[in-house]
Amino acid sequence: MAMCRRSATLMGTERTTLASSARPSATGTTSEARTVLCLARFGQTGDRIAPADYDGDGKTDIAIYRPSTGLWVIRNSATATYSYYVFGAASDVPIAGDYDGDGRADIGVWRPSDGTWYIQRSSNSQFIVFPWGQNGDRPTPSAYGN
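Just so it is clear, the structure is predicted and the values come from calculations on it, not from any experiment.

Q: Describe the overall build of the chain, listing the residues and the values that go with them.
A: Check the secondary structure of the chain and you find 0 helices and 11 strands. Scanning the chain from its N terminus toward the C terminus, one meets helices and strands in the order β-β-β-β-β-β-β-β-β-β-β. The proportion of buried residues among the 146 residues of the chain is 36%. By element, 54% of the accessible surface of the chain is carried by carbon and sulfur atoms, the whole surface being about 9,100 Å².

Q: Tell me about the nonpolar core, and please be specific about residues and values.
A: Counting 13 residues, the largest nonpolar core has Tyr-54, Trp-72, Phe-87, Ile-107 and Val-109 as its most contacted members. Breaking this core down by element, the ones donating at least two residues are strand E5 (62–66), strand E6 (71–76) and strand E9 (107–111). The residues contacting Val-109, other than those within four sequence positions of it, are Tyr-65, Trp-72, Phe-87, Gly-88, Asp-92, Val-93, Pro-94, Ile-95, Thr-116, Trp-117 and Tyr-118. The next biggest cluster of nonpolar side chains, apart from the first, holds 6 residues, and it includes Ile-95, Tyr-99, Trp-110 and Ile-119.

Q: Could you give me a rundown of the pattern of salt bridges, with the residues and numbers involved?
A: For the structure on display, the rule yields 3 salt bridges. Arg-111 is the partner of Asp-92 in a salt bridge, and the nearest nitrogen-oxygen pair spans 2.7 Å. Of this pair, Asp-92 sits in the loop between strand E7 (81–86) and strand E8 (93–94) while Arg-111 sits in strand E9; the two residues are 19 residues apart in sequence, bridging distant segments of the chain. Taking the relative accessible area as the measure of exposure, Asp-92 reaches 0% and is therefore buried. With a shortest N-O distance of 3.2 Å, Arg-104 and Asp-102 are connected by a salt bridge.

Reading guide: rules and limits
Residues numbered from 1 in each chain as written. Predicted model: local features only at pLDDT ≥ 70, side-chain atom pairs only at ≥ 80, totals over all residues. Heavy atoms only, no water. Helix = DSSP H or I, 4+ residues; strand = E, 2+ residues; numbered from the N terminus. Buried < 20%, exposed > 50% of the residue type's maximum accessible area, 1.4 Å probe, protein only. Areas by Shrake-Rupley, 256 points an atom, 1.4 Å probe, with all protein chains shown as cover. Core = buried A, V, L, I, M, F, W, Y, C linked by side-chain atoms within 4.5 Å. Contact = heavy atoms within 4.5 Å. Salt bridge = Lys/Arg side-chain N within 4 Å of Asp/Glu carboxyl O.

Structural data, given as C-alpha cells:
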C-alpha cells in the first residue's frame, strides 16, 4: 500500500513524499522493496534554477536565483538547511561553478549587457570580476583552471 504525505511549506518549498510499505517476513526481512519518492516545489515564477554542489558533499544542491532581487536560495543537501545570499542584478544569468577548486560551487552571475562575470569564491569570499563575452553569448560555467 502506498502512502502520500504532504509536509509544510517553507520559502515556497512544498514537499510530497510517497512511500510504499513493506511487510516483514518470518525471517525478519522485508518481502518487497521500499520505494520513496520525494517531490519538491522550490522557488516562484521568474526564478532561475542554479543547481550545483554548494556544500561540497558530492551531491547537487537544489538552488534558485531570483533576478528581481538578486536573491540566491540554496538547500544544502548535507545538512538540509537553507543558505541565502544577495548577489546579482535583474538581467544577470546565474553561473554557479567551482571556480576556485575547493570542491564547493561558487555563486556567480554573468551580465549579458557587457559580458562581465561576477564570482564570489566559496574558499575565501574573494569577489572576482572579469570581462569575457558580449551580448548574445551564452556563458558556460565549469571548474576552469586559474
